[in-house]
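# Geometric and topological summary
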Amino acid sequence: LMWPRATPPRAWNGTGSTPHFSEIVLGRCFTYTQLLRPELGHADCGQIGKAFTNAFLSKDPCHSSEQDYQLLLKLTSQTIPCHSSVFWSKSTQLAHLYTRVRQDMFTLEDTLIGYIADGLNWCGDAGSYEMNYQSCPHWRKDCINNPVSVFWDTVSKRFAENACGEVQVVLNGSVSNTFDKNSASAYLNPHWPRRSVLNPVSSMNNTFGRVEIHNLHPGKVSVLKAWVMHDIGGVYSYHTCSSPIIDDLKFILSKRNISFTCEDDYRPIKFLQCVKSPEDSSCRK
Ligand code: N1C
């Protein structure tokens, strides 16, 4: 039995739940299943909304688990055709512009579960039935196993497990952490501490390197094609396909028997950048 609490829930260091969370989830679910992808018209948005909130309400927001999201995952299962999965890291906007034009390709946010949750924040509290709209745990300052981080890890893992054929990843060559080999080495070397004592969460914030590449199925995925994109007018390119950081990615995939190719400034995506900066010299040739 839970009594109404006398004191407000504990204050965390992260942004609170998104106002009108449940209504947004329900509205997005109907938009996706009724208007965008009618082939998912059979999905039960009422049940999906309930499964989503039940995954974290009345629970300690620092002890969220994959298990909490299993029913939600089951209710939102979706088949993505082979050769159409697009992963990304540090390139949210560009990757989504790309699949906006290429309607036959899917990032996680182009699937039902990713579409529903994109950009939202949520958490509850062990001592209350309510959502916490004041604050939620910050992944670095409070705890890693918070409802939002665990959610993205869980759905990213499933998205990668289900990928087949030729898959793509849009990487950002204009940041130092184009690919996070430290996230990845946690898996390569069993003795490497996943959460280093010196720097508890260094390199934890890279889902592609930490979760997705390790959950691609060799034999199902034939090749990963990386597109390393550079900001137009960016003063410095940190990484290209010839950078050692890309060799790390190549090495991990070769160990897993998945072929790898890499191309700098892939033209179809470069065109999208050029829509914004048509006068740049790199867009004129
Ligand atoms: O940590 P990242 O990128 O490497 O994660 C991106 C990678 C993509 O391929 C997606 O399939 O992992 C998946 N993914 C999301 O789709 C997603 N949408 C929103 C992972 N995280 C996602 N978010 C939130 O943005 C989440 O809170 C996470 O921490 C960031 C990831 O951004 P990033 O570092 O650019």
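Residues numbered from 1 in each chain as written. Predicted model: local features only at pLDDT ≥ 70, side-chain atom pairs only at ≥ 80, totals over all residues. Heavy atoms only, no water.

## Some words on the packing of helix H6 (residues 147–162) against helix H8 (residues 207–215)
For the pair H6 and H8, interaxial distance at closest approach is 7 Å and the crossing angle is 40°. As for how H6 packs across H8, the hand of that crossing is right-handed. Of the residues in H8, those touching H6 at Trp152, Asp153, Ser156, Lys157, Phe159, Ala160 and Glu161 are Thr207, Arg210, Val211, Glu212 and Asn215. Here the contact of H6 with H8 is composed, by residue class, of four nonpolar, three polar and five charged. (Axes fitted to C-alpha atoms, helices over the stretch in contact; angles between N-to-C directions. Helix = DSSP H or I, 4+ residues; strand = E, 2+ residues; numbered from the N terminus. Left-handed = near helix turned anticlockwise from the far one by under 90°. Contact = heavy atoms within 4.5 Å. Nonpolar A, V, L, I, M, F, W, Y, C, P; charged D, E, K, R; others polar.)

## Considerations on the state of the cysteines
Applying the stated rule across the entire model yields six disulfides. At a sulfur-sulfur separation of 2.0 Å, the disulfide partner of Cys241 is Cys262. Judged by the sign of its S-S torsion, about -80°, the cystine formed by Cys241 and Cys262 is left-handed. You can see Cys241 sitting in the loop between strand E5 (221–229) and helix H9 (244–255) and its partner Cys262 sitting in strand E6 (residues 259–264), a full 21 residues away along the chain. Among the residues examined, Cys241 registers a relative accessible area of 17% and is labelled buried. A relative accessible area of 26% places Cys262 in the partly exposed class. Across the disulfide, Cys274 is cross-linked to Cys283 (sulfur-sulfur distance 2.0 Å). Judged by the sign of its S-S torsion, about -85°, the cystine formed by Cys274 and Cys283 is left-handed. Counting only the cysteines that take part in disulfides, in the order they occur along the chain, gives the pairing 1-2, 3-7, 4-8, 5-6, 9-10, 11-12. (Disulfide = S-S within 2.5 Å. Buried < 20%, exposed > 50% of the residue type's maximum accessible area, 1.4 Å probe, protein only.)

## Comments concerning the site of the ligand
Around the ligand, a shell composed of 14 residues is seen, among which Ser89, Lys90, Glu109, Thr207 and Glu212 lie nearest. A distance of 2.4 Å separates an oxygen atom of the ligand from a polar side-chain atom of Lys90. In the model, an oxygen atom of the ligand is placed 2.3 Å from a nitrogen or oxygen of the Glu109 side chain. Burial of the ligand by the protein amounts to 80% of the accessible area it has alone, namely 590 Å². Counting residues per element, the ones that place at least two in the shell around the ligand are strand E2 (86–89), H6 and H8. (Near = heavy atom within 4 Å. Polar contact = N/O pair within 3.5 Å; in protein donor to acceptor, adjacent residues only side chain to side chain. Areas by Shrake-Rupley, 256 points an atom, 1.4 Å probe, with all protein chains shown as cover.)

## Quick notes on the sheet that holds E6
The strand order across the open sheet built from four strands is E2-E4-E5-E6, with neighbouring strands paired in parallel fashion. At either margin of the open sheet sits one strand with a lone partner, and together these are E2 and E6. The mean angle between the axes of side-by-side strands here comes to 20°, regardless of whether they run parallel or antiparallel. Of the strands in this sheet, strand E4 (165–172), E5 and E6 are in contact with H9, which crosses E6 at around 160°. (Pairing = 2+ DSSP bridges.)

## So, a nonpolar patch on the surface
Taken together, the side chains of Val235, Tyr236 and Tyr238 make up a nonpolar region of the molecular surface, amounting to roughly 400 Å² of accessible area. By the element assignment, Tyr238 lies in the loop between E5 and H9. Given the relative accessible area of 44%, Tyr238 is considered partly exposed. (Patch = residues over 30% accessible without salt bridge, like charges linked within 9 Å, V, L, I, M, F, W, Y side chains within 5 Å. Salt bridge = Lys/Arg side-chain N within 4 Å of Asp/Glu carboxyl O.)

## Overview of the confidence of the model for the chain
On average, residues of the chain carry a pLDDT of 91, and 89% of them reach 70 or more. Below a pLDDT of 50 lies the segment residues 187–202, which in the model reaches 20 contacts outside its immediate sequence neighbourhood of four places, other chains included. ipTM for the predicted complex: 0.91, alongside a pTM of 0.91. (pLDDT = per-residue confidence, 0-100.)

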